[in-house]
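# A look at the structure
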2 protein chains.
Amino acid sequence: MQAIDRLKRNQGRYKGKQQFLAMYSSIFEGITTDTAAMVIPMDDHMVHRGHGVFDTAAIMDGYLYELDQHLDRFIGSATMAKIKLPFDRESIRRILIQTVSASKCRRGSLRYWLSGGPGDFNLSPSGCHHPALYAIVIQDQSPPDFKGLKVTTSSIPIKPPQFAVMKSVNYLPNVLSKMEAEEKGGYAAIWLDEDGYVAEGPNMNVAFVTNENELLMPHFDKILSGCTARRVLVLAEGLVREGKLKCIRTGNVTVEEGKSAKEMMLIGSGVLVRPVLQWDDQLIGNGKEGLVSEALLNLILEDMKSGPPSVRVPVPY
Amino acid sequence: MQAIDRLKRNQGRYKGKQQFLAMYSSIFEGITTDTAAMVIPMDDHMVHRGHGVFDTAAIMDGYLYELDQHLDRFIGSATMAKIKLPFDRESIRRILIQTVSASKCRRGSLRYWLSGGPGDFNLSPSGCHHPALYAIVIQDQSPPDFKGLKVTTSSIPIKPPQFAVMKSVNYLPNVLSKMEAEEKGGYAAIWLDEDGYVAEGPNMNVAFVTNENELLMPHFDKILSGCTARRVLVLAEGLVREGKLKCIRTGNVTVEEGKSAKEMMLIGSGVLVRPVLQWDDQLIGNGKEGLVSEALLNLILEDMKSGPPSVRVPVPY
C-alpha cells in the first residue's frame, strides 16, 4: 500500500479550508472519517466520462434541510443520465442520514453522487455493472453572508436545455463561467438562454424585484430547478400577504428588465439569498442591499432553523 | 485504513475485462501497479465538477504511437479548460513514458488526465492549488477488428463548438449518444452540427468515400481534431498517388451525401479504421466492407508498426 501511504503523506499539500468529516462509498460499502481514504476509483465512469449526477443538502443545527426535495431531484437527474439506482430511494436516504450521523457534523453540508460505477475506461457504460453512490459531509460554521455582490454576463455558452435541467458533474461550462466572473472581479456570471432571456448563474438561480414590486424569476424549463429557489417562491407568499410584495411571477426575463430591477438576488443552497448590487456596469436599484432580499434571506434562515418537518429531517447522532 | 482494505476486498465485484497494469498520480507522486490504489481524491475538481481533460495513445509492440501529437492536443485542451500544467511538457512526456515502462505493457493503451486538482468542493477552482496529472496503462491484446458496423443518428444535442473542440471529461452527451446507438443495435451515433452537416461520432471521426472516389471528411472547426483522422489524411495521399483515390477533401458533408457514399468509416485511436455498412435504415454502398477503408486500416497498422520516429516513441523497458 505504498501509494496509499504516500497519498496520506502528501495530503497536507492539497488541504484546503474545507473540512471533510465523513465519506460514504458503496465501493467500500461503508463510511470513513479518514480523509486519505476519501477517494474514488479512477475507472469510475463519473471520473473519466462525467457519467455521474450529484446533489446537496445543508446541515443546520443537526437537521438536514430539504433533504427529500433534493433527493427527488437527485433521482430525477440519475434517470435523465441513465444511471440505475444502486439502492432504492429509502436506502439511499438512510445511508445519507447515517453518513451525517457518523460525521457528527451539526452545521455544514452534505454532497452526494450517483455514478455509472467502475469497470473499465470505455465510453459505453456496458462494462460498468454496479452503479455507485458516494456522499461527503463538509463542515461549515461560517455565518450567513448578506453582503451584496457584483455579477457579470457569461460569455461561455449555456448548456442545451436537456443538460441544463439535470445536475450532472459535467460542470466545466459552469467552472469556466465562474472563473470568467472572478477574473472580472465578479462573484458569478449570469447565463442568458438561446433566446437571450436571463437564465441562471453557474450554480444558483437569479430573481428580481421589479419596480412594480413583483418577485420575478425565470422559468425552470431550460434551467436547473433550484430547490432553494422553489422554497423561496413558497415563503415569499408571506411577503405578498404582508403587502411587502405585490405578487410573485415566473416567466421570461429580459436583460433590460433584469438590469433595471429594483433588487436582484442570487438564490441557492450555497449562497442562500444574496443581493446583487451590480450587473456588468449597471448598478441595480440604488446599489444597496434591498429589503425584499433581506426579508427572503431571513425567511429561509428561519425555515432552516424551525420550518415544518417536510423540510427538516432530524439526524440521529 | 479499513476503508482501503474493504476497497481492496470488494475489487473483484467491479472488475471488468480490461486489465489496468500501472497508474501514475501526481497526488502520490509515483507509479503503482496495485489496482486497489488506482484512485483519485473525491475532492479533485475533475471528479465533482468535470474540470479535467484527457487524451490517449496506443501502445504497439513497445512503442507509443503518435504520443507527441496526442500530447500537443492534451496541452491544448488543458489551456482551453484553464488548467495550469503541474509540470512542463517534457516532464509530462517523461512521466507518461515511465508509466508505460513500469507497466511492462507492450500492447494496449495509455490514458492520461490533467485536472484542476483536489482542494475543496466549491465550484471555483480557486481553492485547488495544485493541478494534478494522472495516467493509466491498459492492456489490450485483441487483434484489430475490420468487421463492418451499423451507426445511427444521434438525437442527443451536440456540444457547442467551444466544448466540442476540447477533450474534457464532460462526456455525458457522448455517453448518452453511445447508449442510444447501442439501444438501437448500433455501434455509435453520429452527431450532426447545428447546421445539419455531419459532425462526428461520440469518440471518433467519420469519413466517406464518395462516388467520385474522393476521401471526404468533415472540417475540424466544430469537432474534436482527431489525431488518427489527421494521420489517415496524410497516409491516404499514398492511395491518391496509386490512383486508388481521386483526391482528399475536407469540408461540409450533408447527411444525404454521407448516406449515398460508396464507403463510410469511423476513425479513431480506439477503432482505428472501421467500415460502416449501415447508417440508420440506409445501407452504405453495397453494404460490404470497402476497399479504401481496408487500405486505410492497413496503412495505419503499418504506420503503428513501422512508421517514422515522429509517430513512434520507443518505451525503454
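Definitions and limits used
Residues numbered from 1 in each chain as written. Chains lettered and ligands numbered in written order. Predicted model: local features only at pLDDT ≥ 70, side-chain atom pairs only at ≥ 80, totals over all residues. Heavy atoms only, no water. Helix = DSSP H or I, 4+ residues; strand = E, 2+ residues; numbered from the N terminus. Expected span 1.5 Å × (residues − 1). Buried < 20%, exposed > 50% of the residue type's maximum accessible area, 1.4 Å probe, protein only. Contact = heavy atoms within 4.5 Å. Pairing = 2+ DSSP bridges. Buried area = accessible area lost by both parts, 1.4 Å probe. Salt bridge = Lys/Arg side-chain N within 4 Å of Asp/Glu carboxyl O. Polar contact = N/O pair within 3.5 Å; in protein donor to acceptor, adjacent residues only side chain to side chain. Axes fitted to C-alpha atoms, helices over the stretch in contact; angles between N-to-C directions. Least-squares fit on C-alpha atoms with pLDDT ≥ 70 in both.

The end-to-end C-alpha distance of helix H9 (residues 291-306) of chain A, which contains 16 residues, comes to 22 Å, matching closely the 22 Å that a straight helix rising 1.5 Å per residue would cover. Taken together, the buried positions of H9(A) are occupied by Val292(A), Ser293(A), Ala295(A), Leu296(A), Leu297(A), Ile300(A), Leu301(A), Asp303(A) and Met304(A).

Residue and element names in this part refer to chain B. Looking at the secondary structure, you find Arg106 in the loop between helix H4 (89-103) and strand E6 (107-115). Residue classification places Arg106 among the partly exposed positions, given a relative accessible area of 46%. Between the alpha carbons of Arg106 and Pro202 there is a distance of 27 Å; along the sequence they are 96 residues apart. Apart from residues lying up to four places away in sequence, Arg106 is in contact with Ile59, Met60, Asp61, Gly62 and Tyr317.

Moving on: the pairing of strand E12 (residues 214-218) of chain B. All names here are of chain B. For E12, a buried count of 5 out of 5 residues is recorded, marking the element as mostly surrounded by other parts of the structure. In E12, alternate side chains face the same way, and those of Glu214, Leu216 and Pro218 on one face and Leu215 and Met217 on the other are all buried. Sheet analysis places strand E11 (residues 205-209) next to E12, joined by 2 bridges and oriented antiparallel. Pairing of Phe208 across the sheet is with Leu216, part of E12. Two successive antiparallel strands, E11 and E12, enclose a turn made up of 4 residues, where Asn213 displays a positive phi of approximately 65°.

For interface size, the figure often reported is the accessible area lost on association. Counting from both sides, the interface comprises 77 residues of chain B and, opposite them, 77 residues of chain A. For the pair chain B and chain A, the summed buried area comes to about 6900 Å², and 67% of that belongs to carbon and sulfur atoms. Together, Tyr14(B), Met42(B) and Leu123(B) form the three largest contributors to the area buried by chain B at its contact with chain A, with a combined 11%. Counting every contact that joins chain B to chain A gives 2 salt bridges. A salt bridge links Lys82(B) to Glu183(A), with the shortest nitrogen-to-oxygen separation between them at 2.9 Å. Counting across the chain B and chain A interface gives 21 residue pairs in polar contact (both at pLDDT 80 or more). Here strand E3 (residues 39-41) of chain A runs beside strand E3 (residues 39-41) of chain B; their pairing, made up of 3 bridges, is antiparallel. In the strand pairing of E3(B), Pro41(A) is matched with Val39(B).

Where charged atoms of side chains with opposite charge meet at close range, the side chains can pair. All names here are of chain B. Here the structure, examined in full by the defined rule, presents 27 salt bridges over all chains. One salt bridge in this structure joins Arg89 and Asp72, with 2.8 Å as the shortest N-O distance. With Arg89 in helix H4 and Asp72 in helix H3 (residues 67-80), this pair connects stretches of sequence that are 17 residues apart. On the basis of relative accessibility, which here comes to 25%, the residue Arg89 falls in the partly exposed class.

Strand pairing in a sheet takes place through backbone hydrogen bonds and is either antiparallel or parallel in direction. All names here are of chain B. Taken together, 7 strands build an open sheet; the order of strands is E2-E1-E7-E6-E4-E5-E17 and the sheet is antiparallel. At either end of the open sheet lies a strand with only one pairing partner, and these are strand E2 (30-32) and strand E17 (312-314). Taken over all neighbouring pairs, the strand axes of this sheet differ in orientation by 25° on average, direction set aside. By the bridge criterion, 6 bridges tie strand E1 (residues 19-25) to strand E7 (residues 132-139) in an arrangement that is antiparallel. The residue of E7 that forms the bridge with Gln19 is Gln139. Across the sheet, H3 is in contact with strand E4 (52-60), strand E5 (63-65), E6, E7 and E17; its angle to E4 comes to roughly 175°.

The next point concerns the relation of the copies chain B and chain A. Between the two copies, chain B and chain A, the superposition gives an RMSD of 0.0 Å; the rotation angle is 180° and the shift along the axis is 0.0 Å. Look at the turn and shift together and you get a two-fold axis relating the two. Mapped onto chain A, 100% of the interface residues of chain B are again interface residues, and the two copies thus contact each other with one and the same surface.

Residues and elements named next belong to chain A. Ordered by their spatial adjacency, 7 strands build an open sheet running E2-E1-E7-E6-E4-E5-E17, and the pairing between neighbours is antiparallel. Each edge of the open sheet carries a strand with a single partner, namely strand E2 (30-32) and strand E17 (312-314). The sheet shows a mean angle of 25° between the axes of neighbouring strands, direction not considered. Here helix H4 (residues 89-103) sits on the sheet in contact with strand E1 (19-25), E2, strand E4 (52-60), strand E5 (63-65), strand E6 (107-115), strand E7 (132-139) and E17, set at roughly 35° to E7.

Read these as layout, nothing more, since geometry by itself doesn't imply function.
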